[in-house]
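Tertiary structure, described
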Number of protein chains: 2
Amino acid sequence: MLAVQLEPQDIRILTALQANARLTNVELSEQVNLSPSQCYRRLKRLEEQGFIKQYATIVSRRAVGLDVMAFVSVTLDKHGEDPARAFNEAVNRFPEILECWAVSGDSDYLLRVVSTDLRSFSNFLMRDMLSLPMVAGVKSTILLEEEKNTTALPLNHLRD
Amino acid sequence: MLAVQLEPQDIRILTALQANARLTNVELSEQVNLSPSQCYRRLKRLEEQGFIKQYATIVSRRAVGLDVMAFVSVTLDKHGEDPARAFNEAVNRFPEILECWAVSGDSDYLLRVVSTDLRSFSNFLMRDMLSLPMVAGVKSTILLEEEKNTTALPLNHLRD
DNA sequence: TGTGAAAAAAACACGTG
DNA sequence: CACGTGTTTTTTTCACA
């Protein structure tokens with residue numbers, strides 16, 4: 001999917017909505033200095049064209065007691081049939097795995113995982129991950145302190 | 001911030017809104033089997049109590065031409081005064097750094113970074129990161145394939 | 001494009017159990 | 001006090017100029 005064809009107005013709209021998906025059309029139009037009708041039409045177009053993946057509610061991880069977040073590097077056992085496929089299917093069964101990426105480098109996959117506490121995280125690694133037949137090994141990195149955390153993509157590269 | 005005091009109705013509301021932040025109150029009430037007024041009041045309460053961090057619009061990374069995403073491990077040079085603080089300030093100046101975490105393990109920080117292409121990512125590493133005086137070294141892992149990617153936290157652990 | 005009308009939704013007050 | 005109902009205000013959506 002190619003970028004371009006985004007005008008400065010569209011970029012301003014996306015920027016504002018990245019910060020707050022529940023802006024009303026009038027609030028949005030004030031923030032981006034466009035008429036409400038123009039805002040409305042542009043947003044509908046952006047939605048249709050697939051620029052907006054989702055309107056998401058971000059729940060506070062701490063508030064719901066998910067005190068542990070970690071990245072887990074996974075190395076697969078290349079034997080057996082289609083271990084990658086089997087692993088992906090397993091990954092989708094675990095809601096505590098928020099992300100799974102095939103990666104370059106030492107390991108095969110990188111997972112972002114949340115848990116209520118270290119004990120439960122350890123259980124996840126030992127009982128859930130290492131028991132998967134195609135998993136050869138895991139290595140985890142626990143996130144200690146959040147210095148920055150946003151879902152907002154930079155859009156300045158789209159300005160010519 | 002402690003968890004608990006969340007009733008099954010609240011969990012259903014949060015679950016539905018995590019998938020779609022723009023549900024109307026009536027749509028929400030239908031999905032979670034509550035009256036609209038009850039839904040409305042519960043949601044306002046959840047917002048006040050800090051369970052909702054943000055309503056975010058998730059922009060399609062590919063659509064806006066950010067073809068490269070990577071994790072970057074950063075090791076700091078512990079000399080000089082307060083290198084951690086200086087690093088955090090630097091991190092916040094770069095919009096292409098979406099996340100920055102202090103981590104356990106070999107390195108000190110882990111960044112999530114987006115770029116338009118490998119050349120620009122390489123520039124970011126060489127020119128921007130390695131030129132920072134407190135940065136001793138970086139090691140990057142490029143994300144090749146997205147197998148799973150959600151902002152929705154699991155909430156089933158809150159059910160008694 | 002903006003303007004205006006119609007429909008839908010949000011926000012709030014009131015009464016009831 | 002929590003709940004549903006009804007009212008007012010705001011917002012969305014669409015037709016028209």
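Reference entry: report on the structure contained in this document. Computed from a prediction, not measured in an experiment: that's the story for all the values here. (Residues numbered from 1 in each chain as written. Chains lettered and ligands numbered in written order. Predicted model: local features only at pLDDT ≥ 70, side-chain atom pairs only at ≥ 80, totals over all residues. Heavy atoms only, no water.)

Concerning the overall build of chain A
- Scanning chain A from terminus to terminus reveals 5 helices and 5 strands.
- Shown N-terminal to C-terminal, the secondary structure of chain A runs as helices and strands in the order α-α-α-β-β-α-β-β-α-β.
- Expressed along its principal axes, the backbone C-alpha trace of chain A runs to roughly 60 × 35 × 25 Å.
- Taken over 160 residues, chain A has a buried fraction of 48%.
- Restricting to contacts in chain A with at least 6 residues of sequence separation, those with at least 24 account for 61%.
- Here chain A has roughly 8,000 Å² of accessible surface; of this, 50% comes from carbon and sulfur atoms. (Helix = DSSP H or I, 4+ residues; strand = E, 2+ residues; numbered from the N terminus. Buried < 20%, exposed > 50% of the residue type's maximum accessible area, 1.4 Å probe, protein only. Contact = heavy atoms within 4.5 Å. Areas by Shrake-Rupley, 256 points an atom, 1.4 Å probe, with all protein chains shown as cover.)

Points about the protein's contact with DNA strand D
- Neighbouring DNA strand D are the residues Thr24, Asn25, Tyr40 and Lys44 of chain A together with Ser35, Ser37, Gln38 and Arg41 of chain B.
- Taking the atoms of DNA strand D that fall within 4 Å of the protein, sugar and phosphate contribute 67% of them.
- Side-chain polar atom of glutamine 38 of chain B to a phosphate oxygen of DNA strand D: 3.1 Å apart, as the coordinates give it.
- Arginine 41 of chain B places a side-chain nitrogen or oxygen 2.9 Å from a base oxygen of DNA strand D.
- Secondary-structure elements contributing two or more residues to the surface near DNA strand D are helix H3 (36-48) of chain A together with helix H3 (36-48) of chain B. (Near = heavy atom within 4 Å. Polar contact = N/O pair within 3.5 Å; in protein donor to acceptor, adjacent residues only side chain to side chain.)

Concerning the packing of aromatic side chains
- Scanning all chains against the criterion turns up 5 aromatic pairs over all chains.
- With a centroid separation of 4.8 Å and an interplanar angle of 45°, the aromatic rings of phenylalanine 87 of chain A and tyrosine 109 of chain A are classed as tilted. Within this pair, whereas phenylalanine 87 of chain A is found in helix H4 (residues 83-91), its partner tyrosine 109 of chain A is found in strand S4 (residues 109-115), the two being separated by 22 residues in sequence.
- On the basis of relative accessibility, which here comes to 6%, the residue tyrosine 109 of chain A falls in the buried class.
- Sitting over the ring of tyrosine 55 of chain B, arginine 22 of chain A keeps its end group 4.5 Å from the ring centre. (Phe/Tyr/Trp six-rings, centres within 6.5 Å; stacked < 30°, edge-to-face > 60°. Lys NZ or Arg CZ within 6 Å of the ring centre and 35° of its normal.)

Focus on helix H1 (residues 8-19) of chain B
- In a regular helix each residue adds 1.5 Å, so 12 residues correspond to 16 Å; H1 of chain B covers 17 Å between its end C-alpha atoms and thus fits that length.
- Buried residues of H1 of chain B: Gln9, Asp10, Ile11, Ile13, Leu14, Ala16, Leu17 and Gln18 of chain B, and no others.
- Check the buried side of H1 of chain B and you find it contacts strand S1 (52-59) of chain A together with helix H2 (25-32), H3 and strand S1 (52-59) of chain B. (Expected span 1.5 Å × (residues − 1).)

Quick word on the interface of chain A and chain B
- If you look at the interface, chain A gives 72 residues, while chain B gives 72 residues.
- Counting the surface lost from both chain A and chain B, the interface buries some 6,600 Å², and carbon and sulfur atoms represent 58% of this.
- Contact with chain B buries area across many residues of chain A, yet Arg22, Trp101 and Lys148 of chain A alone supply 13% of it, more than any other trio.
- Counting every contact that joins chain A to chain B gives 4 salt bridges.
- Residue glutamate 99 of chain A pairs with arginine 112 of chain B through a salt bridge whose shortest N-O separation is 2.6 Å.
- Across the chain A-chain B interface, the total number found is 43 residue pairs in polar contact (both at pLDDT 80 or more). (Buried area = accessible area lost by both parts, 1.4 Å probe. Salt bridge = Lys/Arg side-chain N within 4 Å of Asp/Glu carboxyl O.)

Points about the relation of the copies chain A and chain B
- Between chain A and chain B, which share one sequence, the superposing operator has a rotation angle of 180° and an axial displacement of 0.0 Å; the RMSD is 0.0 Å. Viewed as a symmetry operation, the transformation between the two copies matches a two-fold axis. Among all residues of chain A, the one whose C-alpha sits closest to the rotation axis is alanine 56 of chain A, at a distance of 2.6 Å.
- Looking at the interface residues of chain A, 100% of them are also at the interface in chain B, so both copies use one shared face. (Least-squares fit on C-alpha atoms with pLDDT ≥ 70 in both.)

Structural notes on the sheet that holds strand S4 (residues 109-115) of chain B
- Strand order in the closed barrel made by the 8 strands is S2(A)-S4(A)-S3(A)-S5(B)-S2(B)-S4(B)-S3(B)-S5(A), with antiparallel pairing throughout. Averaged over all neighbouring strand pairs, the angle between strand axes comes to 35°, with direction disregarded.
- Relative to S4 of chain A, strand S3 (residues 97-103) of chain A runs antiparallel, the two being bridged by 5 bridges. Counterpart to alanine 102 of chain A in the pairing with S4 of chain A is tyrosine 109 of chain A.
- Against the sheet, H4 of chain A contacts strand S2 (68-76), S3, S4 and strand S5 (135-149) of chain A together with strand S5 (135-149) of chain B, and its axis sits at roughly 15° relative to S4 of chain A.
- Where helix H4 (residues 83-91) of chain B meets the sheet, its contacts fall on S5 of chain A together with strand S2 (68-76), strand S3 (97-103), S4 and S5 of chain B, and the angle it forms with S4 of chain B comes to roughly 15°. (Pairing = 2+ DSSP bridges. Axes fitted to C-alpha atoms, helices over the stretch in contact; angles between N-to-C directions.)

Structural notes on the protein's contact with DNA strand C
- Every residue lining DNA strand C is accounted for by Ser35, Ser37, Gln38 and Arg41 of chain A together with Thr24, Asn25, Tyr40, Arg41 and Lys44 of chain B.
- Atoms of DNA strand C within 4 Å of the protein belong to the sugar or the phosphate in 56% of instances, the rest to bases.
- A distance of 3.4 Å separates a phosphate oxygen of DNA strand C from a polar atom in the side chain of serine 37 of chain A.
- One of the side-chain nitrogen or oxygen atoms of tyrosine 40 of chain B is found 3.2 Å away from a sugar or linking oxygen of DNA strand C.
- Of the residues assigned to the surface near DNA strand C, the class counts are 1 nonpolar, 5 polar and 3 charged. (Nonpolar A, V, L, I, M, F, W, Y, C, P; charged D, E, K, R; others polar.)

Observations concerning the pattern of salt bridges
- For the structure shown, the criterion picks out 20 salt bridges over all chains.
- Where arginine 127 of chain A meets aspartate 128 of chain A, a salt bridge forms, and the shortest distance between an N and an O atom there is 3.3 Å.
- Its relative accessible area of 52% is what places arginine 127 of chain A among the exposed residues.
- Aspartate 128 of chain A sits in the buried class, given a relative accessible area of 14%.
- Within the structure, one salt-bridge network assembled from shared partners comprises Glu99 and Arg112 of chain A together with Glu99 and Arg112 of chain B.

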